[in-house]
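Here is how the chains run, residue by residue.
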Protein chains: 2
Amino acid sequence: MATGRQRPLDLKEACVRAAREVIAERGIEALSMRDVARKLGISHQAPYRHFEGRDHLLAEIMRRCFADFAEHLDRRMSFDDPTGGREDMGSAYLAYAERKPLEYRLMFGTPWPEPAQHPELVKYAVHAFDILRNSQRAKYGDRPAQYARADLDALFIWSALHGLASIMQANVMQHLVLAPEVIPRLKADLMGKIDAALAAAPQAAKKPRQSGRKPATR
Amino acid sequence: MATGRQRPLDLKEACVRAAREVIAERGIEALSMRDVARKLGISHQAPYRHFEGRDHLLAEIMRRCFADFAEHLDRRMSFDDPTGGREDMGSAYLAYAERKPLEYRLMFGTPWPEPAQHPELVKYAVHAFDILRNSQRAKYGDRPAQYARADLDALFIWSALHGLASIMQANVMQHLVLAPEVIPRLKADLMGKIDAALAAAPQAAKKPRQSGRKPATR
DNA sequence: GATAGATGTTGACGCTGTCAACAGGAGGTC
DNA sequence: GACCTCCTGTTGACAGCGTCAACATCTATC
């Protein structure tokens, strides 16, 4: 059942894999260093040779999640997608949150370990946001004078998407007694509203000329 | 420094207060039953006479937060506010998240204990959402045929507000290098976009006639 | 006054993260 | 070859945690 019982060559890599398995099985909160060690059949102290502590192991996993998430968004949005099926950023974002709820919760729903101690984690997280931001900058022609507007748009899109993603994973959602056709329409409705909000000129600003969208600059 | 050292008359109440102090001082994750007991100068088992376990103590605190939150929204939105300063729901929501970040994180950013075991918690959480939902139902005249649309609108508003609130509390926010005027404009911009999205007819639906908004039905 | 229930205390268990000391193997240097 | 050092992994300890079980005490009721 486990990934493999023979003594792993690269213990650090094996720790990350085992930790992700524990998280998948019993949740993020239940992850313990001793669990990881047990799962690998090594002593309870061995993982500490590769990670300073539980936080550092968790930070490494989060970093990989952000890298995976960014790659997912990049792949789904780029015009040169070999599959040809270019997807809207919003769909791609929500699809990821839906297909990998644990990873999503780990990135956005778990208190971070001290960021100053984990610069790599910050770097990859910012990079994921930059995919969204750059797509908005491209829309306005990537002129620095429009950076504030692009940032505001990007943060709005992120807010709506992240809000929906985290709400749909929240426990309270199952108890709201929503009208029956609401759930299936939820994602499309939200993305329609995002588009409507962005189409409306923000404040005394002309509607940005925008015929065909440009690809994200990455 | 502590709330009071004399033996409290109502230990259950004192436990809740002490727990909130611990959370305020060292964070939600650091809360332990033994901390609460120590803080009150009682034995480590005494709190268990009033709460089945850590989860139940946490659930009680969360329940109170939801009650407090709902009351905050009600007060800020009702026309009969004695202060006369009626506030928009969005502002009220974001103001709460900003002024009580710990409570907000506790409600929306912390994994819930098994909901089936804490029906009161669920009830109060749903009630908070109903304030938002009812305000949308009122906008459409509270006709059941429009309940789905009201639900969709309410979930959109909640998504955007919750998304922004949780993003602004997230660690990554400080590392995004935003244009300088973005942060101060963030809240107003988002609420403007919410309004714009709701004003735009969703799909083949006339713009709802809506001159003066009705108060929330509660 | 006896009795039963509620409330608080004490002590133990296994779990956790983490520190310190130790063991062995790889590789370099004399 | 002998020696030394670093890297990796092991063993054993410690305090803190949640929780169970047994005991003490206080209070109210018959």
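Notes on the structure in this doc start here. Quantities reported herein were computed from a predicted structural model and do not represent experimental measurements.

Conventions adopted
Residues numbered from 1 in each chain as written. Chains lettered and ligands numbered in written order. Predicted model: local features only at pLDDT ≥ 70, side-chain atom pairs only at ≥ 80, totals over all residues. Heavy atoms only, no water. Helix = DSSP H or I, 4+ residues; strand = E, 2+ residues; numbered from the N terminus. Least-squares fit on C-alpha atoms with pLDDT ≥ 70 in both. Contact = heavy atoms within 4.5 Å. Near = heavy atom within 4 Å. Polar contact = N/O pair within 3.5 Å; in protein donor to acceptor, adjacent residues only side chain to side chain. Nonpolar A, V, L, I, M, F, W, Y, C, P; charged D, E, K, R; others polar. Buried area = accessible area lost by both parts, 1.4 Å probe. Salt bridge = Lys/Arg side-chain N within 4 Å of Asp/Glu carboxyl O. Buried < 20%, exposed > 50% of the residue type's maximum accessible area, 1.4 Å probe, protein only. Phe/Tyr/Trp six-rings, centres within 6.5 Å; stacked < 30°, edge-to-face > 60°.

### Considering unusual backbone geometry
Although it is not a glycine, Asp142(A) adopts a positive phi angle of roughly 55°. If you check the backbone angles, Val177(B) has positive phi at about 55° while not being a glycine. Mapped onto the secondary structure, Val177(B) falls in the loop between α7 (147-169) and α8 (182-199).

### A short note on the relation of the copies chain B and chain A
Once turned by 180° and shifted 0.0 Å along the axis, chain B lies on chain A with an RMSD of 0.0 Å. Viewed as a symmetry operation, the transformation between the two copies matches a two-fold axis. A symmetric contact is evident, with 100% of the interface residues of chain B recurring at the interface of chain A.

### Topic: the protein's contact with DNA strand C
Near DNA strand C there are 21 residues, and of these Met33(A), Arg34(A), Gln45(A), Arg49(B) and His50(B) occur at the shortest range. Close to the protein, within 4 Å, the atoms of DNA strand C are drawn from sugar and phosphate at a rate of 36%. Between DNA strand C and the protein, one listed contact pairs a base oxygen with a side-chain N or O atom of His44(A) at 3.3 Å. Arg49(A) places a polar side-chain atom, nitrogen or oxygen, 3.5 Å from a base nitrogen of DNA strand C. Among the elements that take part in the surface near DNA strand C, helix α2 (residues 33-40) of chain A stands out by supplying four residues, more than any other. Partitioned by chemical class, the residues of the surface near DNA strand C number five nonpolar, eight polar and eight charged.

### Structural notes on the interface of chain B and chain A
Each partner contributes to the interface: chain B provides 46 residues, whereas chain A provides 46 residues. Contact between chain B and chain A buries roughly 4000 Å² in total, counting both sides, with carbon and sulfur atoms accounting for 73%. Summed over the shared surface of chain B and chain A, the result is two salt bridges. Joining chain B to chain A, the criterion identifies 12 residue pairs in polar contact (both at pLDDT 80 or more). Of all elements in the fold, only α6 (119-139), α7 and α8 of chain B reach the threshold of two or more residues within the side of chain B that touches chain A. Per-element accounting of the side of chain B that touches chain A gives the leading share, 15 residues, to α7(B). When grouped by side-chain class, the residues that make up the side of chain B that touches chain A number 29 nonpolar, eight polar and nine charged.

### Quick notes on the protein's contact with DNA strand D
Neighbouring DNA strand D are 21 residues; Arg49(A), His50(A), Met33(B), Arg34(B) and Gln45(B) lie closest to it. Each atom of DNA strand D within 4 Å of the protein was assigned to sugar, phosphate or base; sugar and phosphate come to 37%. Here a base nitrogen of DNA strand D and a side-chain polar atom of Arg34(B) are 2.5 Å apart. In the model, a phosphate oxygen of DNA strand D is placed 3.0 Å from a nitrogen or oxygen of the Tyr48(B) side chain. With four residues, helix α2 (residues 33-40) of chain B is the largest single contributor of residues to the surface near DNA strand D. The residue inventory of the surface near DNA strand D, partitioned by class, reads five nonpolar, eight polar and eight charged.

### Regarding the pattern of salt bridges
Within the structure shown, the criterion is met by 36 salt bridges over all chains. One salt bridge in this structure joins Asp153(A) and Lys139(A), with 3.8 Å as the shortest N-O distance. Here the residue Asp153(A) occupies a position in helix α7 (residues 147-169), and Lys139(A) occupies one in helix α6 (residues 119-139), the gap between them amounting to 14 residues. Residues Asp153(A) and Lys139(A) agree in their burial class; the two are buried. Between Glu29(B) and Arg105(B) there is a salt bridge, with its nearest N and O atoms 3.3 Å apart. Within this pair, whereas Glu29(B) is found in the loop between α1 (11-26) and α2, its partner Arg105(B) is found in helix α5 (residues 101-108), the two being separated by 76 residues in sequence. Residue class for Arg105(B) comes out partly exposed when judged on its relative accessible area of 29%. A single salt-bridge network, built from bridges that share partners, covers Glu13(A), Glu60(A), Arg63(A) and Arg64(A).

### Some thoughts on the side chain of His118(A)
All names here are of chain A. Along the chain, the position of His 118 falls in the loop between α5 (101-108) and α6. Residue class for His 118 comes out buried when judged on its relative accessible area of 7%. For His 118, the contacting residues outside a window of four places in its chain are Asp 55, His 56, Ala 59 and Pro 113.

### Some words on the packing of aromatic side chains
Residues and elements named next belong to chain A. Overall, the coordinates contain 18 aromatic pairs over all chains when judged by the stated rule. Taken together, a centroid distance of 5.3 Å and an interplanar angle of 80° make the contact between Phe 69 and Tyr 93 edge-to-face. Within this pair, whereas Phe 69 is found in helix α3 (residues 54-77), its partner Tyr 93 is found in helix α4 (residues 89-99), the two being separated by 24 residues in sequence. Pair check on accessibility: Phe 69 and Tyr 93 agree, each one buried. Ring centres 6.0 Å apart and planes at 75° place the aromatic pair Phe 69 and Phe 108 in the edge-to-face group. A residue pair is termed long-range when its members are at least 10 positions apart, and Phe 69 in helix α3 and Phe 108 in helix α5 qualify at 39 residues. In this structure an aromatic cluster arises from ring pairing among Phe 66, Phe 69, Tyr 93, Tyr 96, Tyr 104, Phe 108, Trp 112, Phe 129 and Trp 158.

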